[in-house]
Amino acid sequence: VRLVQREFFLRSEGYSAEMIRTKNLESDLVPSEMRHKYSRSAIDQRLKNPFYWGKFRWKDEIYDGKHQLIIPVGVLRNVKELVGKSNAGRKGKHTGSGFFSGGWIRCGHPE
C-alpha cells in the first residue's frame, strides 16, 4: 500500500514513471523480491488501475466500487490531469544528451 501511495503522490507532483521508479528504488521502498521487475510500465499500469480510482473491472466492464480509497481524492485529481502527458510538469532538467539532441536527426522542413 505504501509503495502504491508513494507512486501516486510522486506522479501528482509531476514525476515521470522513470523518476518514480528511481526514487522508490533509492529509498528501499521496493521489496527485494520485486526490485528486478519494478518497471515504468508496471508503475503506469498501477496509476491507471481502476481499483485505485474507486472502481473495479468485472467481465470487461468498469463499475463503481464501494471500497475505501487508499489514495486521497486530491492526489487522484492531480494524477488524472497528468496521465497521458509524459513530460508534463517533469521534475528535473533535460540534459540534452541522447540520439536526437546531438544533431544526428533534423527536421526535413525548412524553417
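From a predicted model like this one, the values you see are computed outputs, not experimental measurements.

Quick word on the nonpolar core
Counting residues in hydrophobic clusters, the biggest one holds 18 residues, and the most contacted among them are Phe-8, Ile-20, Tyr-38, Ile-43 and Ile-71. It is helix α1 (residues 2-12) that provides the largest number of residues to this core, a total of 4 residues. Contacts of Tyr-38, omitting those with residues within four sequence positions, involve Leu-3, Glu-7, Ile-20, Arg-21, Asn-24, Leu-25, Val-30, Ile-43 and Arg-46.

Here's the deal with the side chain of Arg-46
Inspection of the secondary structure puts Arg-46 in helix α3 (residues 40-48). A distance of 2.8 Å separates polar atoms of two side chains, one belonging to Arg-46 and the other to Glu-7. Not counting chain neighbours up to four residues away, the residues in contact with Arg-46 comprise Val-4, Glu-7, Phe-8, Tyr-38 and Tyr-52.

A short note on the side chain of Asn-24
Relative to the assigned elements, Asn-24 resides in helix α2 (residues 17-26). Here Arg-6 takes part through its side chain, which lies 2.4 Å from a polar atom of the side chain of Asn-24.

Let's talk about the pattern of salt bridges
All told, the structure shown has 5 salt bridges when counted by the stated rule. Lys-55 is the partner of Asp-64 in a salt bridge, and the nearest nitrogen-oxygen pair spans 2.5 Å. When its relative accessible area of 58% is taken as the criterion, Asp-64 is described as exposed. Residue Lys-55 is classed as partly exposed on the basis of its relative accessible area, which comes to 31%. Through salt bridges with shared partners, one network takes in Glu-18, Arg-21 and Arg-40.

Side note on unusual backbone geometry
Backbone geometry places Asp-28, a non-glycine residue, at a positive phi of 60°. As for its position among the elements, Asp-28 is in the loop between α2 and α3. Note on Asp-28: relative accessible area 61%, which makes it exposed. Positive phi, normally seen in glycine, also occurs at Asp-60, with a value near 65°. Relative to the elements of secondary structure, Asp-60 occurs in the loop between β1 (55-58) and β2 (61-64). With a relative accessible area of 70%, Asp-60 lands in the exposed category.

What counts, and where the lines are drawn
Residues numbered from 1 in each chain as written. Predicted model: local features only at pLDDT ≥ 70, side-chain atom pairs only at ≥ 80, totals over all residues. Heavy atoms only, no water. Core = buried A, V, L, I, M, F, W, Y, C linked by side-chain atoms within 4.5 Å. Buried < 20%, exposed > 50% of the residue type's maximum accessible area, 1.4 Å probe, protein only. Helix = DSSP H or I, 4+ residues; strand = E, 2+ residues; numbered from the N terminus. Contact = heavy atoms within 4.5 Å. Polar contact = N/O pair within 3.5 Å; in protein donor to acceptor, adjacent residues only side chain to side chain. Salt bridge = Lys/Arg side-chain N within 4 Å of Asp/Glu carboxyl O.

Read these as geometric descriptors, not functional statements.
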